[in-house]
Amino acid sequence: MLKFTPILLAVLYGLVMWRFSAWRLKSELDQRSAELAEPGLRELNKRLARALDLPRIKVHLYDIPAINGLAAPDGRIFLTRGFLEAYRAGRVTAEELASVIAHELGHVALGHSRRRMIDFSGQNALRVGLAQVLGRVVPGLGPVIANTAMSLIAARLSRGDEYEADAYASALLTKAGIGTAPQISLLEKLEHLTGAGGAGRPAWLMSHPKTAERVAAIRKLESGWHG
């Protein structure tokens, strides 16, 4: 029984971290967000809602300077203050922001947001357990190997989620009469807007697929619909 104790402790640690992470994220979002009421986005949000047969889509403004969108595990959709400021400065269009909302709706509808929180905690548990086991075989290198392995697994899962959310957003934007052009143009802007070029990094080390690959996947979807 004692030989399994480190693994059991790692699983318990993962469960505790899942609960704590979910509570901390919800608390942070509650304290630093409010409903987004931007006139220029109102009609586009209505079009998205009609395409989904919903009375409305509630979007929250997350008060941080980073340019990002977020789908919380509880189903709420957020745009950051940085994104709103970029829109007001003319660096992104209302249609491009609508594509972000559609993408985050995809994460919610496909269950990515809740699963990511669980995956994150589970991966932490596996990381701890694997580091302890490997530490006995290769002392000093166990934690390094465990961290690398879990990072690669997490990145692969995240990239798959992004492709799925992109496809959902493409279908929704097309149904709403907005089209995929704003989705593609925003993807092509994002590296410049966020300063995250990722130059020289292999795609399998990124949590998001390369922009060119995401754009190619969207165009392939669209050609299939109209082919």
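Quick note: structure is the one above.
Structural notes, computed from the coordinates. (Residues numbered from 1 in each chain as written. Predicted model: local features only at pLDDT ≥ 70, side-chain atom pairs only at ≥ 80, totals over all residues. Heavy atoms only, no water.)

All right, on to the overall build of the chain then. If you tally the helices and strands in the chain, you get eight helices and four strands. Scanning the chain from its N terminus toward the C terminus, one meets helices and strands in the order α-β-α-β-β-β-α-α-α-α-α-α. Scored against the burial criterion, the 227 residues of the chain give a buried share of 39%. Summarising the internal contacts of the chain: among those between residues at least 6 apart in sequence, 67% fall at separations of at least 24. Taken as a whole, the chain presents about 12600 Å² of accessible surface, with 62% of it coming from carbon and sulfur. (Helix = DSSP H or I, 4+ residues; strand = E, 2+ residues; numbered from the N terminus. Buried < 20%, exposed > 50% of the residue type's maximum accessible area, 1.4 Å probe, protein only. Contact = heavy atoms within 4.5 Å. Areas by Shrake-Rupley, 256 points an atom, 1.4 Å probe, with all protein chains shown as cover.)

Inspection of every chain in the model, using the stated rule, returns one aromatic pair. Between Tyr62 and Phe78, the ring centres sit 6.3 Å apart and the planes meet at 65°, which makes this aromatic pair edge-to-face. Here Tyr62 is found in strand E2 (residues 59-62), whereas its partner Phe78 is found in strand E4 (residues 77-80), with 16 residues between them in sequence. We classify Tyr62 as buried; its relative accessible area is 11%. (Phe/Tyr/Trp six-rings, centres within 6.5 Å; stacked < 30°, edge-to-face > 60°.)

In terms of nonpolar packing, the biggest core is built from 31 residues, with Leu48, Leu79, Phe83, Val92 and Ile101 touching the most fellow members. Listing elements by their share of this core, those giving two or more residues are helix H2 (39-51), E4, helix H3 (81-88), helix H4 (94-109), helix H6 (142-175) and helix H7 (181-194). Considering each element in turn, this core owes the most residues, seven residues, to H4. Non-local contacts of Leu79, meaning those with residues more than four positions away in its chain, are made with Leu36, Val59, His60, Leu61, Tyr62, Asn68, Gly69, Leu97, Val100 and Ile101. Counting five residues, the second largest nonpolar core, distinct from the first, contains Leu29, Tyr62, Ile64 and Ala72. (Core = buried A, V, L, I, M, F, W, Y, C linked by side-chain atoms within 4.5 Å.)

So, about the sheet that holds E4. Spatially, four strands are ordered E1-E2-E4-E3 in an open sheet, and the strand pairing comes out mixed. Pairing within the sheet leaves two strands with one partner each, and these edge strands are strand E1 (33-35) and strand E3 (69-71). Within this sheet the neighbouring strands show an average axis-to-axis angle of 30°, counted without direction. Pairing of E1 with E2, which is carried by three bridges, proceeds in the antiparallel orientation. Residue pairing in the sheet places Ala34 in a bridge with Leu61 of E2. Contacts from H3 reach E2, E3 and E4 within the one sheet, and its direction differs from that of E4 by about 60°. (Pairing = 2+ DSSP bridges. Axes fitted to C-alpha atoms, helices over the stretch in contact; angles between N-to-C directions.)

This part covers the pairing of E2. Judged from the four bridges that link them, E2 and E4 form a sheet pairing that is parallel. Its bridge partner lying in E4, Tyr62 is registered against Thr80.

Turning next to the environment of Ser158. Its place among the elements puts Ser158 in helix H6. Take Ser158: its relative accessible area is 12%, and that puts it in the buried class. With 46 residues separating them in the primary sequence, Ser158 and His112 have C-alpha atoms 8.9 Å apart.

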